[in-house]
Amino acid sequence: MAESSSSPSPTEEIVRLIKRLSAYVAFKMSSLFSTSTIRKLDSRSIGAIAGLAIAVIFTWRAIRTPRERQRRQPKRRIQSAESSSAAAQSSLTSIPPEVSFSHEDTAAQDVVDQFFQPVKPTLGQIVRQKLSEGRKVTCRLLGVILEESSPEELQKQVTVRSSVLEVLLEITKYCDLYLMERVLDDESEAKVLQALESAGIFTSGGLVKDKVLFCSTEIGRTSFVRQLEPDWHIDTNPEISTQLARFIKYQLHVSAVKPERTAPNVFTSQSIEQSKASSPEKLTGARMDSVSEINDNLSVEVSALLAPLPSLQLQALSLSLSCRRNIDSREYFKQLITSRSCNGIEVKQNLSNGKGVYANSEFQEDELILKDQILVGIQHSSNKVDCLVCSFCFLFIGSVEKQIGRKLYFKNMGLSGCCDGDSSESEEDGCVKYNGKQEQCGASSSNHKSLPQEVVSSLMNGEMALPYTDKFPLPSPLSCPGRCQEAFYCSESCAQKDWETSHSLLCTGERSESISREALGEFIQHANDTNDIFLLAAKAIAFTILKYRKLKAEYLNKQAKQSVPKQLLLLEAWKPVSIGYKRRWWDCIALPDDVDPSDEGAFRMQIKDLACTSLELLKAAIFDKECEALFSLDIYGNIIGMFELNNLDLVVASPVEDYFLYIDDLPDAEKEEAEEITRPFLDALGDEYSDCCQGTAFFPLQSCMNHSCCPNAKAFKREEDRDGQAVIIALRQISKNEEVTISYIDEELPYIERQALLADYGFSCKCPKCLQDASVV
Ligand SMILES: C[S@@+](CC[C@H](N)C(=O)[O-])C[C@H]1O[C@@H](n2cnc3c(N)ncnc32)[C@H](O)[C@@H]1O
């Protein structure tokens, strides 16, 4: 593993983050006007569709409030904006004058100002738009629709190929079709339109004359295509196909001779009629060539990965690896429980509910039942501006000053959340909900009192210290060993573990072990733009590949003379993921309320298509031939479905909140003195002073817990739980052998609503409370 480099300069880190956000925002805004993908199905909004991410939600608010001290806002003296800002200025006279914003910052700010408008559509709008608009296809005329093959020929005559008509009309039923061609004069243009009209292409209602575009150069056609951003472009010119490959999702290259495939997203055919790609299903629904091929060609391997543990073969393998003994699932869970030091429980099969967690000994009310470590987890992209945390364990890093400074910096730029995450009035306010919180409000729209930029910078740079922050020490951030400047760590050990378990393949830095950093960038951008659960799925795949390589090396060390049992090693590497309850994402996702049931098939097709696009991008970035089965669409769909059915929200409390509460609790004299300095910062932060780290994660043991509407346990973060682990606490006394259950939903809801929410998890609850409620309804 490469060594971790030292901490980045805060300004460098911020500038990079802003540049990434700016590029991301620009990309987002441009893609809002294209119709090519379902956009922004972030894991939380997907969660909203399906009632997903187990509603055992680790919401910090809900967790801390009832059982521990009442959450409260530190008292703030009411004062005018002027006096607040003046107090800040007067107490900050030591700010070094040289701290200023770079040109890059200003440029980033310009991009943000220009693009970041609160216009993100809701999921319902996106789906409706998708279902009604279909896909965009662009196609050249010469050699595809017309018999002629050069503009010179068009000057003499124009002949529409009769065999193409049917498929063309079929495409226009489902897609937004644009035809285009290079012509040498106006007469050719008129002749082409006339020929298309005579062939009946315009009369069917599918195509209008305005969608036939003419240009005078080949470059003109390229720029038409780039501006239109189709899902598919059909052409005969190999150079154009090659040039467009980077920009256009898929292309069909029509050629009488079968040319070499120039890029993975360029397909070839002798004619549009013969092409599988031109079938409406292909163009309107999922394009799943290479990942489907894996499904077909490796069906045995894929089925083995999706089959429940264990097999005799695996046990044989474990013997040959000699470092592992018996690895059937029961043994696997035993080992997991021992490694978590939570020996009061065991995982057992139950005939009605599958696996479940059972008490091995008695638990008292409030007693800790389980503390589970993350197998794979992510911080939500939007939360990265609010909290700087370790990319492996999610502990806050830096310092209280750096956390506050960063947050205010982004807030001043209008990038950090500015409204309360629980507010439901967002859309009326012009702020659009994203990941369960307000994504964007202009810096000026909230009632916080912004501080001068120099003040914010000096806080962020560590040049200014706030009183009493030494009571809240945080680890210094370490940069990623692969030099991506996207991941930061609290320790060498976390950096190393992350590198070894997934980040070495998913790092975009110069030391990345991916096969293409460019492709990886595209994959990440697509995930950020659509659904960040793809990043988590990529982590699960990277985890398995890296584990496979490690097991193989271990095997070769011990069994040098034998051939490597690759499939068995892959199954062993995959085991931690295999134990999660799975269904394919597009099968289990619930239909959003505003999608008509008659559109259900199309909706599921769109979801499948989205997963397919993501997987193609991931494959281009980290494909490993020996682990090919992992890149099948079935496996990808099942991994995502597993996250949707099992994941827990990841929440880590902020030390900034603790800091302000600490100041609030000081004896009067000290408090007044400290608040002279801290108050302007608290005022500037507003309610966001307590924003916590938010993400989503898969916890292997916790994911075995079944639901009950009268649960005997719950996910609950205690004061000492300061990282991303899942903590399960007894709600009442639990007897030995009793099943430990949690509630996936708000169990106070009426019976009918509870059952509706639980339908998203694919079962109907038969707990005592439901049985009783059912008898009354
Ligand atoms: C997080 S997993 C729980 C572990 C799961 N039983 C297994 O075998 O891996 C969630 C899935 O378990 C099943 N499940 C959980 N609670 C249930 C209940 N009360 N009744 C029936 N099935 C339940 C459902 O299939 C649900 O989608």
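Every value quoted in this text rests on a predicted model; they were computed, and no experiment measured them.

J.: Which parts of the structure should I look at to understand the overall build of the protein?
T.: Looking only at helices and strands, the protein has 29 helices and 20 strands in total. Counting every position in the protein, which comprises 777 residues, the buried fraction comes to 57%. Contacts in the protein between residues far apart in sequence, at least 24 positions, make up 73% of those at least 6 positions apart. Entry remark: accessible area of the protein is about 32200 Å², with carbon and sulfur atoms responsible for 50%.

J.: Help me understand the sheet that holds strand 6 (residues 266-269) in this model?
T.: Sheet strands line up and pair through hydrogen bonds in the backbone, either parallel or antiparallel. Reading across the sheet, the six strands line up as 3-2-1-4-5-6 and stay open at both edges, with parallel pairing between neighbours. Every interior strand has two partners, whereas the edge strands, strand 3 (212-215) and strand 6, have only one. On average, adjacent strands in this sheet sit at an angle of 20° to one another, irrespective of strand direction. When strand 5 (residues 250-254) meets strand 6, the two strands line up parallel, connected through four bridges. Residue pairing for strand 6: Leu252 is matched across the bridge by Phe267.

J.: Please explain the nonpolar core as it appears in this structure.
T.: One broad trend across soluble globular proteins is that nonpolar side chains are buried collectively. Grouped together as the largest cluster of nonpolar side chains are 61 residues, with contacts concentrated most on Ile622, Tyr636 and Phe643. Not counting the four nearest positions on each side in its chain, Ile622 is found in contact with Leu505, Leu506, Ser514, Ile515, Ile541, Ala542, Ile545 and Phe631. Residues Leu141, Leu154, Val167 and Phe202 belong to the second largest nonpolar core, which totals 35 residues.

J.: So what exactly am I meant to see when it comes to the sheet that holds strand 19 (residues 726-730) here?
T.: Taken in spatial order, the three strands of this open sheet run 9-19-18, and their pairing is antiparallel. With partners counted over all chains shown, the strands left at the sheet margins are strand 9 (368-372) and strand 18 (713-715), one partner each. Each strand of the sheet is rotated relative to its neighbour by a mean of 20°, with strand direction disregarded.

J.: Before we go on, may I ask you to explain the environment of Met180 in this structure?
T.: Position of Met180 among the secondary structure elements: in strand 2 (residues 175-182). Taking the C-alpha atoms as reference, Met180 lies 7.8 Å from Cys215; in sequence the two are 35 residues apart. Those residues in contact with Met180, other than ones at most four positions away along the chain, are Thr138, Cys139, Arg140, Leu141, Leu213, Arg221, Phe224, Val225, Leu228 and His233.

J.: Before we go on, may I ask you to explain unusual backbone geometry in this structure?
T.: Note: most residues except glycine have negative phi, and most peptide bonds are trans. For Arg483, which is not glycine, the phi torsion reads 65° and is therefore positive. By the element assignment, Arg483 lies in the loop between strand 13 (478-479) and strand 14 (488-489). Unusually for a residue other than glycine, Asn737 sits at a positive phi of about 75°. Positionally, Asn737 belongs in the loop between strand 19 and strand 20 (739-742).

J.: Sorry, what's going on with helix 17 (residues 400-412) here?
T.: End to end, helix 17 covers 18 Å across 13 residues, agreeing with the expected 18 Å (1.5 Å per residue, within 8%). Counting buried residues in helix 17 gives 13 out of 13 residues, a clear majority hidden from the surface.

J.: What exactly am I supposed to notice about a negative patch on the surface here?
T.: There is a patch of like negative charges on the surface, built from Asp668, Glu670, Glu672 and Glu673. Checked against the element boundaries, Glu673 lands in helix 27 (residues 668-685).

J.: Honestly, the environment of Asp746 in this entry has me stumped. Any pointers?
T.: Looking at the element boundaries, Asp746 is found in the loop between strand 20 and helix 28 (751-759). Classification of Asp746 as partly exposed rests on a relative accessible area of 42%. With 37 residues separating them along the chain, Asp746 and Cys709 place their C-alpha atoms 8.2 Å apart. Separated by 2.9 Å, the side chain of Asp746 and the backbone nitrogen of Glu748 make a polar contact.

J.: Explain the side chain of Arg340 to me, please; I cannot follow it from the model alone.
T.: Looking at the secondary structure, you find Arg340 in the loop between helix 16 (329-339) and strand 7 (345-350). According to the relative accessible area criterion, Arg340 is buried, its value standing at 15%. Sequence-distant contacts of Arg340, that is, excluding residues within four places in its chain, are made with Lys371, Asp372, Gln373, Pro700 and Leu701.

J.: Please explain the pairing of strand 20 as it appears in this structure.
T.: One face of the sheet, then the other: side chains in a regular strand alternate in exactly this way. Every second residue of strand 20 is oriented toward a common face, with Glu739 and Thr741 on one face and Val740 and Ile742 on the other, all of them buried. The sheet contact formed by strand 17 (residues 706-707) and strand 20 spans two bridges and is parallel. Residue His707 lies in a different strand from strand 20, and its bridge partner there is Ile742.

J.: Sorry if this is basic, but what is going on with the environment of Cys612 here?
T.: Along the chain, Cys612 falls in helix 24 (residues 600-622). Under the relative-accessibility criterion, Cys612 is labelled buried at 0%. Distance from Cys612 to Tyr636, taken between C-alpha atoms, is 8.5 Å for residues 24 residues apart in sequence.

J.: Help me understand helix 20 (residues 517-530) in this model?
T.: Because the α-helix completes a turn every 3.6 residues, residues three or four places apart line up on one side. End to end, helix 20 covers 20 Å across 14 residues, agreeing with the expected 20 Å (1.5 Å per residue, within 8%). Listing the buried residues of helix 20 in full gives Ala519, Leu520, Phe523, His526, Ala527, Asn528, Asp529 and Thr530.

J.: Please clarify how the site of the ligand should be interpreted in this entry.
T.: In the neighbourhood of the ligand, 14 residues make up the surrounding shell, with Asn353, Lys355, Asn706, His707 and Tyr761 lying closest. Take Asn706: an N or O atom from its side chain is 2.8 Å from a nitrogen atom of the ligand. His707 places a polar main-chain atom, nitrogen or oxygen, 2.9 Å from a nitrogen atom of the ligand. For the ligand, whose accessible area on its own is 570 Å², the fraction buried by protein is 92%. Residue classes in the shell around the ligand are distributed as seven nonpolar, six polar and one charged.

J.: For this particular structure, what's the right way to read the state of the cysteines?
T.: By definition, a disulfide is the covalent link that joins the sulfur atoms of two cysteine residues. Per the counting criterion, the structure on display carries zero disulfides. A disulfide-free cysteine, Cys480 has its sulfur positioned 3.6 Å from the sulfur of Cys484, the nearest such atom. In this structure Cys710 is a free cysteine whose sulfur lies 4.2 Å from that of Cys767, the closest cysteine sulfur available.

J.: Could you clarify how one ought to interpret the packing of aromatic side chains in this entry?
T.: How two aromatic rings sit relative to each other is set out by the distance from centre to centre and by the angle between their planes. Under the criterion given, the structure shown has 13 aromatic pairs. Taken together, a centroid distance of 6.0 Å and an interplanar angle of 15° make the contact between Phe534 and Tyr636 stacked. Of this pair, Phe534 sits in helix 21 (residues 533-558) while Tyr636 sits in helix 25 (residues 633-646), placing them 102 residues apart in sequence. The exposure classification of Phe534 matches that of Tyr636, with both residues buried.

J.: I'm lost on the pattern of salt bridges in this one. Help?
T.: For side chains bearing opposite charge, pairing can occur when the charged atoms are close. Evaluation of the coordinates by the stated rule reveals 32 salt bridges. Residue Lys209 pairs with Glu197 through a salt bridge whose shortest N-O separation is 2.8 Å. Taken together, the residues Lys209 in the loop between helix 9 (186-198) and strand 3 and Glu197 in helix 9 connect sequence positions 12 residues apart. One salt-bridge network, held together by shared partners, links Arg140, Glu181, Arg182, Glu218, Arg221 and Asp235.

J.: Is there a simple way to think about the packing of helix 20 against helix 24 in this case?
T.: The packing of two helices is summarised by the inter-axis angle and the distance between the axes. For the pair helix 20 and helix 24, interaxial distance at closest approach is 7 Å and the crossing angle is 155°. As summarised for this structure, helix 20 and helix 24 are arranged roughly antiparallel, according to the angle between their axes. Between helix 20 and helix 24 the crossing geometry is left-handed. Across the interface between the two elements, Ala519, Leu520, Glu522, Phe523, His526 and Thr530 from helix 20 touch Leu610, Thr613, Ser614, Leu617, Leu618, Ala620 and Ala621 from helix 24.

J.: Sorry if this is basic, but what is going on with the pairing of strand 7 here?
T.: Here strand 7 runs beside strand 8 (residues 354-359); their pairing, made up of six bridges, is antiparallel. Residue Lys348 lies in a different strand from strand 8, and its bridge partner there is Gly356. The turn linking strand 7 back onto strand 8 is made up of three residues.

What counts and what doesn't
Residues numbered from 1 in each chain as written. Predicted model: local features only at pLDDT ≥ 70, side-chain atom pairs only at ≥ 80, totals over all residues. Heavy atoms only, no water. Helix = DSSP H or I, 4+ residues; strand = E, 2+ residues; numbered from the N terminus. Buried < 20%, exposed > 50% of the residue type's maximum accessible area, 1.4 Å probe, protein only. Contact = heavy atoms within 4.5 Å. Areas by Shrake-Rupley, 256 points an atom, 1.4 Å probe, with all protein chains shown as cover. Pairing = 2+ DSSP bridges. Axes fitted to C-alpha atoms, helices over the stretch in contact; angles between N-to-C directions. Core = buried A, V, L, I, M, F, W, Y, C linked by side-chain atoms within 4.5 Å. Expected span 1.5 Å × (residues − 1). Patch = residues over 30% accessible without salt bridge, like charges linked within 9 Å, V, L, I, M, F, W, Y side chains within 5 Å. Salt bridge = Lys/Arg side-chain N within 4 Å of Asp/Glu carboxyl O. Lys, Arg positive; Asp, Glu negative; His and termini not counted. Charge placed at Lys NZ, Arg CZ, Asp CG, Glu CD. Polar contact = N/O pair within 3.5 Å; in protein donor to acceptor, adjacent residues only side chain to side chain. Near = heavy atom within 4 Å. Nonpolar A, V, L, I, M, F, W, Y, C, P; charged D, E, K, R; others polar. Disulfide = S-S within 2.5 Å. Phe/Tyr/Trp six-rings, centres within 6.5 Å; stacked < 30°, edge-to-face > 60°. Parallel < 35°, antiparallel > 145°, perpendicular 65-115°, else oblique. Left-handed = near helix turned anticlockwise from the far one by under 90°.

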